[in-house]
Amino acid sequence: MCLVDWFEPDGDKPDVTTGLWKVKPEIHEGVQSIGLIHVDSIMRAVHLIGVYQDTIIPSDLAFFSFTRCFRGFLH
């Protein structure tokens, strides 16, 4: 089993500059949606690129807190 953070599309077309789709955390009642899924149900992996614009990303940013540090992502 895998614990996953759920995301939803942020817009109806890919980003003009990068050609990548924007996604944002799926929020219900103020909390990001998570789920427990079976490994056999994973169709493909995605790489999320945090949308950080002019913000400096700390070099000691832990991988496990990455999804909570950005408001949106490109994939």
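As a reminder, the structure under discussion sits directly above these lines.
Residues numbered from 1 in each chain as written. Predicted model: local features only at pLDDT ≥ 70, side-chain atom pairs only at ≥ 80, totals over all residues. Heavy atoms only, no water.

## A few points about the environment of tyrosine 52
Stated formally: Only runs of H or I of at least four residues qualify as helices and only runs of E of at least two qualify as strands under DSSP, and these elements are numbered from the N terminus. Accessible area is worked out with a 1.4 Å probe on protein chains only. A residue is then buried under 20% of its type maximum, exposed over 50%, and partly exposed in between. Contact definition: two residues touch when any of their heavy atoms are within 4.5 Å.
Within the secondary structure, tyrosine 52 sits in the loop between β7 (49-50) and α1 (66-69). Here tyrosine 52 falls in the partly exposed class, since its relative accessible area comes to 39%. With 30 residues separating them along the chain, tyrosine 52 and lysine 22 place their C-alpha atoms 13 Å apart. Residues contacting tyrosine 52, with those up to four places away along its chain left out, are Ile57 and Phe70.

## Things to note about unusual backbone geometry
Even without being glycine, glutamate 29 reaches a positive phi, approximately 55 degrees. Among the structural elements, glutamate 29 can be located in the loop between β4 (27-28) and β5 (31-32).

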